[in-house]
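Topology and contacts: notes
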Amino acid sequence: MFPKAEIIDERTIDKALHDEICHGLVECFPEEADFFTDHRSWHGSVPCFSVVLRSTDTDRLIAHAGVVDRNVHVGKDSIRVAGLQNVFVLPSHRGRNMSAILLTTAMKEASARGMDLGMLFCTAQLETVYARANWTRADSRPITCTSDGHDKPLPGKNIVMIYPLALRILPDGPLHLQGNDW
Ligand SMILES: CC(C)(COP(=O)(O)OP(=O)(O)OC[C@H]1O[C@@H](n2cnc3c(N)ncnc32)[C@H](O)[C@@H]1OP(=O)(O)O)[C@@H](O)C(=O)NCCC(=O)NCCS
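This text gives an overview of the structure that appears in the document. These numbers come from a predicted model, not from an experiment.

**Some thoughts on the site of the ligand**
Close to the ligand lie 15 residues, the nearest being Val87, Val89, Arg94, Gly95 and Ser99. Arg94 is positioned with one of its side-chain polar atoms (N or O) 3.2 Å from an oxygen atom of the ligand. Contact distances for the ligand include 2.4 Å between an oxygen atom and a side-chain N or O atom of Ser99. If the ligand stood free it would expose 860 Å²; the protein chains cover 63% of that surface. Taking a 2 Å distance to the grid points as the criterion, the majority of the atoms of the ligand fall inside the largest pocket. Tallying contributions element by element places strand S4 (residues 77–89) first for the shell around the ligand, with three residues. Split by residue class, the shell around the ligand holds nine nonpolar, four polar and two charged.

See the structure below:
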């Protein structure tokens with residue numbers, strides 16, 4: 001049986017659930033184990049809600065995505081972005097498109113919360129994973145982020161993908177993340 005997705009507001013995440021998510025993050029991002037052992041706010045970007053999947057057999061947490069609620073600037077406009085972060089499916093459960101359940105649930109909730117557009121940063125190799133859940137690659141425009149109090153260009157190693165919510169596309173203009181990336 002396919003696991004059911006659970007939406008959890010950040011304010012209700014207790015220590016036990018925080019630890020469970022961190023455990024999965026460490027397993028799926030071993031190169032960032034030092035950070036994820038006790039943190040989930042990648043680059044200081046705190047999620048407003050998370051989506052988790054649990055095994056129907058063992059109740060173990062097997063997949064997760066976090067969503068950051070951020071007003072970013074695009075040209076002269078401000079848009080409310082649902083920033084997808086910390087997406088993982090445990091290795092034992094990959095290859096069954098569980099990420100699509102996570103992502104669809106996360107974007108449904110983002111829409112219910114009135115957000116304008118889903119946005120994520122990933123390596124080009126992962127584009128197909130997100131495309132399967134109807135995310136599309138954004139154009140390669142200049143992006144500025146703020147880190148340690150300083151504005152700087154977002155390092156170009158990742159691609160940007162978007163998901164239509166209230167807005168179908170990213171408006172024209174340079175993008176300023178109004179904080180660090182997620
Ligand atoms: C990305 C992830 C959530 C997708 O889970 P899934 O829906 O079960 O999909 P799969 O793991 O089967 O991967 C789907 C495809 O992406 C590829 N892929 C997955 N992770 C990859 C990675 N880190 N680098 C390159 N390719 C990757 C797989 O080889 C597979 O290719 P195929 O469809 O041609 O066989 C899962 O692979 C994962 O947790 N990876 C580690 C953490 C991670 O990279 N998260 C995304 C951060 S942006």
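**As for the pattern of salt bridges**
Under the criterion given, the structure shown has ten salt bridges. Residue Asp9 is joined to Arg11 by a salt bridge in which the shortest nitrogen-to-oxygen separation is 2.9 Å. For Arg11, a relative accessible area of 77% translates into the label exposed. For the salt bridge of Arg137 with Glu127, the shortest nitrogen-to-oxygen distance reads 2.8 Å.

**Notes on helix H3 (residues 98–112)**
Between its first and last C-alpha, H3 extends 22 Å over 15 residues, near the 21 Å set by a 1.5 Å rise per residue. Those residues of H3 that sit buried are Met98, Ser99, Ala100, Leu102, Leu103, Thr105, Ala106, Met107, Glu109 and Ala110. The first or second residue beyond H3 is Gly114, which carries a positive phi of 85 degrees.

**A short note on the nonpolar core**
Ile21, Phe49, Leu84, Met107, Tyr130 and Trp135 are the most contacted members of the largest nonpolar core, which totals 40 residues. Take this core: its biggest share by element is seven residues, from H3. The residues touching Trp135, leaving out its near neighbours within four places in the chain, are Leu84, Leu103, Met107, Gly118, Met119, Leu120, Tyr130, Met161, Ile162 and Tyr163.

**Let's talk about the state of the cysteines**
Taken as a whole, this structure holds zero disulfides when the rule is applied. With no disulfide of its own, Cys48 lies closest to Cys22 among cysteine sulfurs, the gap being 17 Å. Take Cys48: its relative accessible area is 15%, and that puts it in the buried class.

**Considerations on the side chain of Asn180**
Position of Asn180 relative to the elements: it lies in the segment after strand S10 (175–176). Among the residues examined, Asn180 registers a relative accessible area of 16% and is labelled buried. Those residues in contact with Asn180 that lie beyond four places of it in its chain are His43, Ser45, Arg70, Cys145, Thr146 and Ser147.

**A word on unusual backbone geometry**
Not every positive phi belongs to a glycine, and His43 is a case in point at roughly 55 degrees. You can see His43 is positioned in the loop between helix H2 (33–36) and strand S2 (49–54).

**Comments concerning the pairing of S4**
When you tally the buried positions in S4, you get ten out of 13 residues, the bulk of the element. Here strand S3 (residues 61–74) pairs with S4 via eleven bridges, running antiparallel. Note on S4: the bridge partner recorded for Gly66 is Gln85. Hairpin connection, S3 to S4: the antiparallel pair is bridged by two residues, and Gly75 has positive phi, about 55 degrees. Crossover connection from S4 via H3 to parallel strand S5 (residues 117–122): handedness right-handed.

**A few points about the pairing of strand S7 (residues 143–147)**
Of the two faces of S7, only the one carrying Ile143, Cys145 and Ser147 is buried; Thr144 and Thr146 on the other face are not. Alignment of S7 against S10, held across two bridges, turns out to be parallel. Paired with Thr144 across the two strands is His176, which belongs to S10. Linking S7 back to strand S8 (residues 150–153) in an antiparallel pair, the connection comprises two residues, with Asp148 at a positive phi of about 50 degrees.

Calculation notes
- Residues numbered from 1 in each chain as written.
- Predicted model: local features only at pLDDT ≥ 70, side-chain atom pairs only at ≥ 80, totals over all residues.
- Heavy atoms only, no water.
- Near = heavy atom within 4 Å.
- Polar contact = N/O pair within 3.5 Å; in protein donor to acceptor, adjacent residues only side chain to side chain.
- Areas by Shrake-Rupley, 256 points an atom, 1.4 Å probe, with all protein chains shown as cover.
- 1 Å grid on protein atoms, 1.4 Å probe; cavity = no way out; pocket = protein on both sides within 12 Å on 5 of 7 lines; lining within 4 Å.
- Sits in = over half its atoms within 2 Å of the grid points.
- Helix = DSSP H or I, 4+ residues; strand = E, 2+ residues; numbered from the N terminus.
- Nonpolar A, V, L, I, M, F, W, Y, C, P; charged D, E, K, R; others polar.
- Salt bridge = Lys/Arg side-chain N within 4 Å of Asp/Glu carboxyl O.
- Buried < 20%, exposed > 50% of the residue type's maximum accessible area, 1.4 Å probe, protein only.
- Expected span 1.5 Å × (residues − 1).
- Core = buried A, V, L, I, M, F, W, Y, C linked by side-chain atoms within 4.5 Å.
- Contact = heavy atoms within 4.5 Å.
- Disulfide = S-S within 2.5 Å.
- Pairing = 2+ DSSP bridges.
- Right-handed = clockwise from strand over helix to strand, strands pointing away.

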